[in-house]
Amino acid sequence: MTEVEVKKTQESLQDRLAQVIELLQRQRVVEDLTHRQEGPNNNLVENLVHRQNLVELQRKLDDLHSADVAYILEALPLDDRLTLWQLVKADRDGDILLEVSDSVRETLIADMDDHELLAAAKEMDADELADLAPELPRDVVHELMEALDTQQRERVRSALSYDDDQVGALMDFEMVTIREDVSLEVVLRYLRRLKELPGHTDKLFVVDYEGILKGVLPIKRLLVNDPDKKVADLMASDTVSFHPDEDAYDAAQAFERYDLISAPVVDKNGKLIGRLTIDEIVDLIREESETEVLNMAGLREEEDIFASVWRSLRNRWAWLAVNLITAFIASRVIGLFEGSIEKLVALAALMPIVAGIGGNSGNQTITMIVRAMALDQVSTANSSRLLRKELAVGLINGLVWGGVIGVVAYLLYGSWSLGVVMTAAMTLNLLLAALMGVLIPMTLARIGRDPAMGASVMITAMTDSGGFFIFLGLATIFLL
């Protein structure tokens with residue numbers, strides 16, 4: 001899809017959202033007016049208007065893809081969201097539940113009774129059920145498992161046995177397997193009998209009679225070669241495969257590196273047990289990116305933008321409390337130099353510049369380091385070299401931009417010594433920012449925490465307190 005087509009699709013989706021919001025608002029206004037009017041036919045008019053609006057809303061929902069309906073539901077306040085959710089056809093509930101964010105899914109599930117949940121879940125594949133099961137009530141999960149056949153039940157249990165960040169939690173069980181000793185003509189006849197292939201099928205998996213993976217046959221080779229040729233002559237035996245207990249993020253990097261659409265998942269004996277597909281990998285990468293952004297801002301979890309005030313407070317106040325403590329420390333650092341600030345008021349005007357530039361530089365460093373760690377580009381062997389490089393960048397930036405602000409300070413206040421102190425303070429604070437920008441994420445990773453968790457809050461606290469202390473300390477020593 002070209003950039004123009006993507007833009008048109010997005011604009012169309014925004015238009016649909018605007019139309020849905022307009023219909024919901026119109027419904028509230030008309031119902032309010034008819035409710036105020038008195039008359040024998042008041043209830044009849046109100047019910048008629050209500051049904052007309054609901055029919056129009058339902059017609060718009062029916063025209064939308066499940067992912068687009070999920071987008072609209074996420075963009076609506078809770079009352080409107082639930083009104084719209086009631087209009088979604090029952091056979092689409094499962095698809096939409098899988099598309100919405102975790103926080104919004106919780107509100108939708110809470111609005112459904114057990115019968116509706118069971119009906120939605122029964123339309124899902126085993127891997128999809130495993131994604132949804134942890135959020136369903138226990139009795140619903142138990143009843144659902146009892147209703148599945150033996151194969152489906154084992155698949156769901158298998159997927160649930162893995163952590164969310166393992167390949168086994170993402171693998172799909174729907175795949176096409178063939179033997180290596182048959183001809184392409186036999187394979188083509190077999191595929192025609194299937195009538196429909198699993199989504200994202202770009203290759204067929206070649207296995208022996210015990211289910212051991214022997215290789216893969218790309219669909220493009222199947223279509224362009226002589227039907228009389230054997231699968232063994234055309235299959236690729238050096239395919240990229242994964243184990244179910246491997247890290248899912250490592251698999252995502254492999255998908256990006258080798259431009260994969262699907263890949264087999266095998267157990268320790270080489271037996272084919274599932275496959276990974278590009279749609280799951282894309283979702284994983286998006287979720288990881290969103291999590292890193294939230295963690296760097298100090299948010300504990302994804303938040304529904306229309307969540308209750310209390311829930312939003314619980315999600316945000318942990319790192320706000322940490323930030324308050326660090327801000328208090330920074331204010332105490334300034335308090336140590338109250339006498340110096342009273343004697344030279346220019347210090348009060350200049351010290352935020354040192355702290356602010358240090359914070360910005362530290363955030364640049366920490367963003368680069370977190371990204372490199374996510375791509376597994378940082379190791380024990382190169383960490384010291386990386387630290388030296390960032391310190392060199394901080395030193396040069398400090399001398400250059402510290403020199404610039406030093407000249408400005410001299411021109412403003414007519415004191416060359418103040419300009420020198422400003423340059424020295426800027427350089428030292430940028431060195432501190434570079435040091436902390438490397439050490440903070442590495443330390444968090446070493447103790448088993450997410451390297452991005454609260455990193456932005458911590459680096460700002462370090463550079464603020466450090467910047468104030470360095471600048472005011474140098475000013476006190478050399479100017480006063």
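As the structure is a prediction and not an experimental result, all values here were calculated from the model.

**Describing the overall build of the protein chain**
- The helix and strand inventory of the protein chain stands at 21 helices and five strands.
- Relative to its length of 480 residues, the protein chain is extended, with a C-alpha radius of gyration of 30 Å against a globular reference of 23 Å.
- On the principal axes, the C-alpha backbone points of the protein chain span a range of 90 × 80 × 45 Å.
- Every one of the 480 residues in the protein chain was classed for burial, and the buried ones make up 41%.
- Counting only contacts in the protein chain whose residues sit at least 6 apart along the sequence, the fraction spanning at least 24 positions is 66%.
- Of note, the protein chain has its 46 positive side-chain charges centred 3 Å away from the centre of its 77 negative side-chain charges.

**Notes on the side chain of glutamate 280**
- Here glutamate 280 lies in helix α15 (residues 278-296).
- One buried charge, glutamate 280, has no salt-bridge partner; the nearest side chain with opposite charge is arginine 286, at 8.9 Å.
- For glutamate 280, the contacting residues outside a window of four places in its chain are Asp127, Asp131 and Leu170.

**So, unusual backbone geometry**
- The backbone phi angle of histidine 200 is positive, close to 60°, even though this residue is not glycine.
- Relative to the helices and strands, histidine 200 is located in the loop between α11 (184-194) and β2 (203-207).

**What about the pairing of strand β4 (residues 262-266)?**
- Extensive coverage of β4 is indicated by the burial of five of its five residues.
- Strand direction decides the pairing type here: β4 and strand β5 (residues 272-277), joined by five bridges, are antiparallel. For valine 266, the partnering residue across the bridge sits in β5 and is leucine 272.

**Points about the UniProt feature "transmembrane region" (unreviewed entry) in the protein chain**
- This chain's UniProt record puts "transmembrane region" (unreviewed entry) on residues 317-337, 349-370, 391-413, 419-440 and 452-479.
- Note that residues 349-370 is 100% helix and 0% strand, and that its end C-alpha atoms are spaced 33 Å apart.
- For the annotated span residues 419-440, helix accounts for 100% and strand for 0% of the residues, and the straight-line distance between the end C-alpha atoms is 31 Å.

**Here's the deal with a nonpolar patch on the surface**
- On the surface, Leu395, Ile396, Leu399, Val400, Trp401, Val404, Val408, Leu412 and Tyr413 cluster together to form a nonpolar patch covering roughly 860 Å² of accessible area.
- Take isoleucine 396: its relative accessible area is 53%, and that puts it in the exposed class.

**Remarks on the packing of aromatic side chains**
- Scanning the entire structure with this criterion turns up two aromatic pairs.
- With centroids separated by 6.1 Å and ring planes inclined at 20°, the aromatic side chains of phenylalanine 242 and phenylalanine 255 adopt a geometry described as stacked. With phenylalanine 242 in the loop between α13 (231-234) and α14 (248-258) and phenylalanine 255 in helix α14, this pair connects stretches of sequence that are 13 residues apart.
- With a centroid separation of 6.0 Å and an interplanar angle of 70°, the aromatic rings of phenylalanine 337 and phenylalanine 469 are classed as edge-to-face. Separated by 132 residues along the polypeptide, phenylalanine 337 in the loop between α16 (309-335) and α17 (338-343) and phenylalanine 469 in helix α21 (residues 455-478) bring together distant segments of the chain.
- Classification of phenylalanine 337 by relative accessible area gives buried; the value is 11%.
- If you follow arginine 179 out to its NZ or CZ, it ends over the ring of tyrosine 209, 4.6 Å from the centre.

**Remarks on the sheet that holds β2**
- Overall, mixed pairing links the three strands, which are arranged β1-β2-β3 in an open sheet. Two strands close off the open sheet at either side, each with one partner strand: β1 (177-178) and β3 (213-218).
- Note that β2 and β3 share five bridges and pair antiparallel. Bridge pairing links valine 207 to leucine 213 in β3.

**Looking at the packing of helix α18 (residues 346-374) against α21**
- With their axes 8 Å apart at the nearest point, α18 and α21 run at an angle of 145° to one another. With respect to the hand of their crossing, α18 and α21 are arranged in right-handed fashion. For the pair formed by α18 and α21, the contact residues are Leu347, Leu350, Met351, Pro352, Val354, Ala355, Gly358, Gly359, Gly362, Asn363 and Ile366 on the first element and Ala455, Ser456, Ile459, Thr460, Thr463, Asp464, Gly467, Phe468, Phe471, Leu472 and Ala475 on the second.
- The residue makeup of the contact of α18 with α21, split by class, is 13 nonpolar, eight polar and one charged.

**As for the nonpolar core**
- Membership of the largest hydrophobic core comes to 56 residues, with the highest contact counts inside it found for Leu57, Leu84, Trp85, Ile96, Phe242 and Leu276.
- A total of five residues in this core trace back to one element, the largest contributor, which is α14.
- Setting aside residues up to four positions removed in sequence, leucine 84 forms contacts with Val20, Leu57, Leu61, Ile72, Leu73 and Leu76.
- Counting 24 residues, the second largest nonpolar core, distinct from the first, contains Ile405, Val421, Met426 and Phe468.

**Looking at the environment of isoleucine 178**
- Take isoleucine 178: it is sitting in strand β1.
- Remark: the alpha-carbon pair of isoleucine 178 and phenylalanine 205, spanning 27 residues in sequence, is separated by 6.2 Å.
- Excluding anything up to four places from it in sequence, isoleucine 178 contacts Val187, Tyr190, Leu204, Phe205, Val206, Val207, Leu217 and Val231.

**Structural notes on helix α6 (residues 102-110)**
- Taken residue by residue, α6 has Ser103, Val104, Arg105, Leu108 and Ile109 as its buried positions.
- Residues of α6 that are buried in the fold lie against α3 (66-74), α4 (78-85), α5 (93-99), α7 (114-121) and α8 (126-132).

**Topic: the environment of valine 156**
- Here valine 156 is to be found in helix α10 (residues 150-160).
- In this structure the C-alpha to C-alpha distance between valine 156 and aspartate 127, which are 29 residues apart in sequence, comes to 6.5 Å.
- Residues in contact with valine 156, not counting those within four places in the same chain, are Ala126, Leu129, Ala130, Met145 and Leu148.

**Section: the confidence of the model for the protein chain**
- Within the protein chain, residue pLDDT values average 86, and 91% of them lie at 70 or more.
- The low-confidence segment residues 4-8 (pLDDT under 50) makes one contact with residues lying over four places distant or belonging to another chain.

**A word on α16**
- Within α16, the axis deviates most sharply at tryptophan 317, by approximately 45°.
- Residues of α16 that are buried include every one of Ser312, Asn315, Trp319, Thr326, Ala330, Val333 and Gly335, and no others.
- The inward-facing, buried residues of α16 contact α17 and α21.

The rules behind the values
Counting from 1, residues in each chain are numbered in the order their sequence is written. Residue-level local features of this predicted model are given only where pLDDT is at least 70; pairs of side-chain atoms are given and counted only at 80 or more, and the full residue set underlies all totals for whole chains, interfaces and linings. Where side-chain values are given, they derive from all heavy atoms of the structure, hydrogens and water being excluded. Helix and strand labels come from DSSP, where a helix needs a run of H or I of at least four residues and a strand needs a run of E of at least two; each type is numbered from the N terminus. In this setup the radius of gyration rests on C-alpha atoms only. A globule is expected at 2.2 Å times the number of residues raised to 0.38. Throughout, exposure labels follow a simple rule: accessible area from a 1.4 Å probe, protein chains only, divided by the maximum for the residue type, with under 20% read as buried, over 50% as exposed, and the rest as partly exposed. Only heavy atoms enter the contact rule, under which two residues are in contact if any of them lie within 4.5 Å. For the purpose of charge, His is not counted, nor are the chain termini; Lys and Arg are scored as positive and Asp and Glu as negative. By convention, the charge on Lys lies at NZ, on Arg at CZ, on Asp at CG and on Glu at CD. The salt bridge criterion pairs a side-chain nitrogen of Lys or Arg with a carboxyl oxygen of Asp or Glu, the two atoms within 4 Å. The pairing criterion for strands is at least two bridges between them, as found by DSSP. UniProt positions are given in the numbering used here, feature names are shortened, and annotations may be inferred rather than shown by experiment. Only residues whose relative accessible area exceeds 30% and that take part in no salt bridge are eligible for patches, with like-charged residues grouped when within 9 Å of each other and nonpolar side chains (Val, Leu, Ile, Met, Phe, Trp, Tyr) grouped when within 5 Å. The Shrake-Rupley method, run with a 1.4 Å probe, gives the accessible areas here. Residue values count only the displayed protein chains as cover. Each aromatic pair joins two rings of Phe, Tyr and Trp (for Trp, the six-membered one) with centres within 6.5 Å, and gets the label stacked for planes under 30 degrees apart, edge-to-face for over 60, and tilted for any other angle. In this scheme, Lys NZ or Arg CZ marks a charge over a ring once it lies within 6 Å of the ring centre and within 35 degrees of the ring normal. Interaxial angle, 0 to 180 degrees, is taken between N-to-C directions of lines fitted to C-alpha atoms, where a helix line uses only the stretch in contact. Put simply, a crossing is left-handed when the front helix is turned counterclockwise from the back one by less than a right angle, and right-handed when it is turned clockwise. Note on residue classes: Ala, Val, Leu, Ile, Met, Phe, Trp, Tyr, Cys and Pro are nonpolar, Asp, Glu, Lys and Arg are charged, and everything else, Gly too, is polar. As used here, the term nonpolar core means buried Ala, Val, Leu, Ile, Met, Phe, Trp, Tyr and Cys residues forming a set that is joined through side-chain atoms within 4.5 Å. What pLDDT expresses is the predictor's confidence in each residue, scored from 0 to 100. Bending is quantified residue by residue as the angle between axes fitted to the seven-residue window ending at that residue and the seven-residue window starting at it.

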